[in-house]
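So the chains spell out like this:
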Amino acid sequence: MSVYLNGKLVEHPHEDHHHVSPVWQFTAVFIVLLFLTILTYLVSFAGLGAASLPVAMFVATIKASLVIAFFMHLFYEDRTFAFLFMTCFIFVAIFFTFVLFDMNATDAMNEEGGIQYKKSVEDDAAEADANRAFDAPGPAKSRY
Amino acid sequence: MSTTAHKDEERPWFLAHHFDTVGQQVSSAKLGMWLFCCTEVLMFSGLFLAYFILRQMYPEMVLVASEELNKTAGGVNTIVLLTSSFTMALGVRAAQTNNQKALERNLLLTIACAFIFMIVKYFEYTSKIEHGFLPGNWYSAAEHGYMLPKYSRVFFGVYFTMTGLHGVHVLVGIGVLSWIFIRARRREFSSENYVAVECAGLYWHIVDLVWIFLFPLLYLVK
């Protein structure tokens, strides 16, 4: 009887080989994760301005990779699972890229075509309200 | 092919009848679990995209509104979740090495961390609700004396949706891990049969993974 696993022939199907990670490896990963968390927390008080988002995402990606590779054991699994999981991130990247491109592109087109976003309509209404309150005789009406 | 009778004698009790070998059974279970992890990532990616769109449309509003979130509570919760991931990984290792006591202890520690996370979350939510930082029509920060930029209600909508869905995952995780703990108490798991523990672990690590991105984006955006 021949047994195939993930497209590969298994030579001794009734013998199972499990990779067991050593405890020190989990501990090391955990300490690095704690260190990176405290680092991002402290850096956030200083504020990095425009760089803060890319830096935060970079550190979060390192942390996520550590969790996936060692805690989730993906590094030692058959590559099928890594392929599967990474493919999902390609689709996330496509999703993000195209929607954000679209967001940027349609702004100008909407303006050209005279199409108003709900947000600009609401902005104008609030402004008109504020002006009315300002112009109205009598005690000034609070906007809130 | 050997005879059916001979094969049946060799079959361990945990091997389902539709698999030939334990390796096949483990591999199928893991394939299913990793596929589920993919769907989880894709589901949360939609919410993350909503956050990025909001941030692009109202950069100042997101920065000011996020200042109202409690960074320390978020940081403590991050450490709690990372610790629970660590104990979960140790729990899977305990099952792999036939260490029954360590398996039960690590599962209990993981469940305890999940409860701590939810308790901290409860206090965070209570303070947001008290100050009127609620999504959409329920937003009433102005009545409570907080002057936040316009459309802050949308930020709190994103905040409650993202952390709320994540919180639901933590609650489900408590259920799943309790089920695994009961099975561990019945001594169902061994170095040959631990794929259920491993798959529950994968789920728990995905919950941690989502929080690793949620925390800096929502709490530390400055």
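Residues numbered from 1 in each chain as written. Chains lettered and ligands numbered in written order. Predicted model: local features only at pLDDT ≥ 70, side-chain atom pairs only at ≥ 80, totals over all residues.

(A) Molecular detail of the overall build of chain B. Secondary structure summary: chain B contains seven helices and zero strands in total. Listed N to C, the secondary structure of chain B is α-α-α-α-α-α-α in terms of helices and strands. Compactness check: chain B gives a C-alpha radius of gyration of 22 Å against a globular reference of 17 Å for 222 residues, more than 25% above the reference. In terms of its C-alpha atoms, chain B occupies a principal-axis envelope of roughly 75 × 35 × 25 Å. (Helix = DSSP H or I, 4+ residues; strand = E, 2+ residues; numbered from the N terminus. Rg over C-alpha atoms; globule rule 2.2 N^0.38 Å.)

(B) How the structure looks around helix H3 (residues 59-66) of chain B. All names here are of chain B. When H3 is considered as a whole, its buried residues turn out to be Val62, Ala65 and Ser66. All buried residues of H3 fall inside an arc of 95 degrees around its axis, so they share one side. In the core, the buried residues of H3 are packed alongside helix H2 (22-57), helix H6 (152-185) and helix H7 (195-219). (Buried ≥ 20, exposed ≤ 12 C-beta atoms within 10 Å, placed from the backbone. Arc of directions from axis to C-beta. Contact = placed C-beta atoms within 7 Å.)

(C) How the structure looks around the interface of chain B and chain A. Each side of the interface is counted separately: chain B has 44 residues, and chain A has 41 residues. Where the side of chain B that touches chain A is concerned, the elements lending two or more residues are H2, helix H4 (71-96) and H7 of chain B. The element that contributes the greatest number of residues to the side of chain B that touches chain A is H2 of chain B, accounting for 16 residues.

(D) Layout of the packing of H2 of chain B against H6 of chain B. All names here are of chain B. The interhelical angle for the contact between H2 and H6, taken along N-to-C directions, is 160 degrees, at an axis separation of 10 Å. The pairing of H2 with H6 is recorded here as roughly antiparallel in orientation. Like other packed secondary-structure pairs, H2 and H6 cross with a definite hand, here left-handed. Residues Leu47, Ala50, Tyr51 and Leu54 of H2 lie in contact with H6, whose contacting residues are Val154, Phe155, Val158, Thr161, Met162 and Leu165. Looking at the contact of H2 with H6, its residues break down into nine nonpolar, one polar and no charged. (Axes fitted to C-alpha atoms, helices over the stretch in contact; angles between N-to-C directions. Parallel < 35°, antiparallel > 145°, perpendicular 65-115°, else oblique. Left-handed = near helix turned anticlockwise from the far one by under 90°. Nonpolar A, V, L, I, M, F, W, Y, C, P; charged D, E, K, R; others polar.)

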